[in-house]
Amino acid sequence: MKKAGRMVSGCLFGVCLVLLYCGASCVGADTGTYTVSSQDVDLTVQTDGNVIIRYEIGMLVNTGNIPWVTVGLPTSNFDVRSFNGDASSVVSQNSGSWSGVYVSLDKTYYTNERFVFSFEVLQKEFIYKYNDQQASLLFTPCWWDNAVVEQMNVTIHLPPEIQSVTTTSQPTLFLNS
């Protein structure tokens, strides 16, 4: 991919933002059952074609114990930039067609205990350029095969150079994000 910084310089820029619930999966530890009480995802689009993705996830252990969590990401082309909360480490764990991170928790969490962790990755070359005026972003927030997600927010922050936005799913709120 050529430097995408040129794609926003002085031109009308259209972005097709697609939120589908069928791409990267998340899998909690098989040692317990859990509820995802909150999942907030922030994507910050960069003018070079990269996207900073920040997840903040809160979970409640229903049964058993959970010492770690894996979270799926769109592609294996990412760098972990930071982590916080109840995470003691977040490392890349790409395997075959699955890409994502392995989150080691600061302790093992047991029934009725809650934990919250966050991490940020730089997802490289994530914007697809159609031409000098149009590009697209296809993003799927992770889902949890064996858990209920009680609340989820996905926010996409756009650079100020973007003049026009088209979405294929109706956002709840549109304020240049």
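Because the structure is a prediction, the values reported are computed rather than measured. The residue count restarts for each chain, going from 1 along the sequence in the order it is written. The predicted nature of this model means local features are confined to residues of pLDDT at least 70 and side-chain atom pairs, given and counted, to a pLDDT of 80 or more, with totals for whole chains, interfaces and linings taken over all residues. Computation of side-chain values: all heavy atoms of the structure, hydrogens and water removed.

Colleague: Can you explain the environment of Phe139? Please cite residues and give values.
Modeller: Helix and strand assignments follow DSSP, with helices taken as H or I runs no shorter than four residues and strands as E runs no shorter than two, numbered in order from the N terminus. Mapped onto the fold, Phe139 is located in strand β10 (residues 134–139). Expressed as a C-alpha distance, the spacing of Phe139 and Leu73, which sit 66 residues apart in the sequence, is 9.3 Å.

Colleague: Before we move on, can you summarise the nonpolar core with the specific residues and values?
Modeller: Put simply, buried Ala, Val, Leu, Ile, Met, Phe, Trp, Tyr and Cys residues joined by side-chain atoms within 4.5 Å make one nonpolar core. Relative accessibility decides the category of a residue: with a 1.4 Å probe and only protein chains considered, values under 20% of the type maximum give buried, values over 50% give exposed, and everything between is partly exposed. In terms of nonpolar packing, the biggest core is built from 37 residues, with Tyr55, Val71, Phe117 and Trp144 touching the most fellow members. Within the residue set of this core, elements represented by two or more residues are β3 (32–45), β4 (51–72), β6 (87–92), β7 (100–110), β8 (114–123) and β10.

Colleague: Hey, could you go over the packing of aromatic side chains for me, with residue numbers and the actual values?
Modeller: Here the aromatic set is Phe, Tyr and Trp, taking the six-membered ring for Trp, and pairing holds for ring centres within 6.5 Å; pairs whose planes are under 30 degrees apart are stacked, those over 60 apart are edge-to-face, and all others are tilted. By the definition in use, this model includes six aromatic pairs. Aromatic pair Tyr34 and Trp144: ring centres 6.1 Å apart, planes at 80°, arrangement edge-to-face. On the criterion of sequence distance, the pair formed by Tyr34 in strand β3 and Trp144 in strand β11 (residues 143–144) is long-range, its members being 110 residues apart. Take Tyr34: its relative accessible area is 6%, and that puts it in the buried class. Ring geometry for Tyr55 versus Phe119: centroids 5.5 Å apart, planes at 25°, classification stacked.

Colleague: Give me unusual backbone geometry: which residues, what numbers.
Modeller: One non-glycine residue, Asn112, lies in the positive phi region at around 70°. Turning to its location among the elements, Asn112 is positioned in the loop between β7 and β8. For Asn112, a relative accessible area of 64% translates into the label exposed. A positive phi is found at Glu125, a non-glycine position, where the angle reads about 50°. With respect to the element layout, Glu125 can be found in the loop between β8 and β9 (128–129).

Colleague: How would you explain the side chain of Asn50 if you had to name every residue and give the values?
Modeller: Mapping Asn50 onto the fold places it in the loop between β3 and β4. A polar contact of 2.7 Å, which involves the side chain of Asn50, links it to the backbone nitrogen of Glu125. Those residues in contact with Asn50, other than ones at most four positions away along the chain, are Thr44, Val45, Leu122, Gln123, Lys124, Glu125 and Phe126. What qualifies as a polar contact is a pair of N or O atoms within 3.5 Å, subject to a donor-acceptor requirement within protein and to the restriction that residues adjacent in sequence count only when both atoms come from side chains. Note on contacts: a residue pair is in contact if any heavy atoms of the two residues lie within 4.5 Å.

It is worth stressing that arrangement in space is one thing and function is another; only the former is reported here.
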